[in-house]
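Structural overview
Listed below are the residues making up each chain.
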Amino acid sequence: QVQLVESGGGLVQAGGSLRLSCAVSGSTFNDYDMGWFRQAPGKEREFVSVRRRSGGRTYYADSVKGRFTISRDTATNTVFLQMTSLKPEDTAVYYCVAGRPILSAIEDPLMYNYWGQGTQVAVSS
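Notes on the structure in this doc start here. (Residues numbered from 1 in each chain as written. Predicted model: local features only at pLDDT ≥ 70, side-chain atom pairs only at ≥ 80, totals over all residues. Heavy atoms only, no water.)

Section: the overall build of the protein
Per the secondary structure count, the protein includes 0 helices and 11 strands. In the protein, the succession of helices and strands from N to C terminus is β-β-β-β-β-β-β-β-β-β-β. Relative to its length of 125 residues, the protein is compact, with a C-alpha radius of gyration of 13 Å against a globular reference of 14 Å. If you line up the protein on its principal axes, its C-alpha atoms span 40 × 30 × 25 Å. Scored against the burial criterion, the 125 residues of the protein give a buried share of 46%. A fraction of 59% describes how many contacts in the protein between residues 6 or more apart in sequence connect residues 24 or more apart. Only carbon and sulfur atoms are counted for the fraction: they give 46% of the accessible area of the protein, which is about 6400 Å². Seen as two clouds, the 13 positive and the 11 negative side-chain charges of the protein have centres 4 Å apart. (Helix = DSSP H or I, 4+ residues; strand = E, 2+ residues; numbered from the N terminus. Rg over C-alpha atoms; globule rule 2.2 N^0.38 Å. Buried < 20%, exposed > 50% of the residue type's maximum accessible area, 1.4 Å probe, protein only. Contact = heavy atoms within 4.5 Å. Areas by Shrake-Rupley, 256 points an atom, 1.4 Å probe, with all protein chains shown as cover. Lys, Arg positive; Asp, Glu negative; His and termini not counted. Charge placed at Lys NZ, Arg CZ, Asp CG, Glu CD.)

Digging into the pattern of salt bridges
The full count for this structure, using the stated rule, is 6 salt bridges. Ionic contacts of the salt-bridge type, sharing partners, join the residues R38, E46, R67 and D90 into one network. (Salt bridge = Lys/Arg side-chain N within 4 Å of Asp/Glu carboxyl O.)

A word on unusual backbone geometry
One non-glycine residue, N77, lies in the positive phi region at around 55 degrees. Mapped onto the secondary structure, N77 falls in the loop between β7 (68-73) and β8 (78-83). Judged by relative accessible area, N77 falls into the buried class, the value being 18%. Look at S85: it is not a glycine, yet its phi comes out positive at around 50 degrees. Note on placement: S85 falls in the loop between β8 and β9 (92-99).

Concerning the pairing of strand β11 (residues 119-124)
The alternating pattern of β11 places T119, V121 and V123 on a buried face and Q120, A122 and S124 on a face that is not buried. For strand β2 (residues 10-13) and β11, the ladder comprises 4 bridges, and the chain directions are parallel. Along β11, the bridge assignment pairs G10 with V121. Here 3 bridges tie β9 to β11, and the two strands are oriented antiparallel to one another. From the neighbouring strand, Y94 faces β11, where its bridge partner is T119. (Pairing = 2+ DSSP bridges.)

Shown next, in the form of structure tokens:
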């Protein structure tokens, strides 16, 4: 059973940075694609980024491209989401996810079997 535990959320001013962490247990990075989704109040869950298990290629939503970076530390089995130049519209609960999506469906939340409990990110203007 894969378990995902996020941390690192908080309140930050617009233009600031945060780094989210996701501690992974019960699996290795070779077993699943690892990624991040977010959900703002009153909105559906939205794809943010994913790192493919084969080859390590990364993908980003257009809204975060150039500002967010996904990475991993195999020594500690941790996935990170470095967020810079944060905007108020980035305010959401951020979820760490693990799954085996086909390439054409990497943005579909239904393709991810495992979800963390979420961490709140709030960006003030």
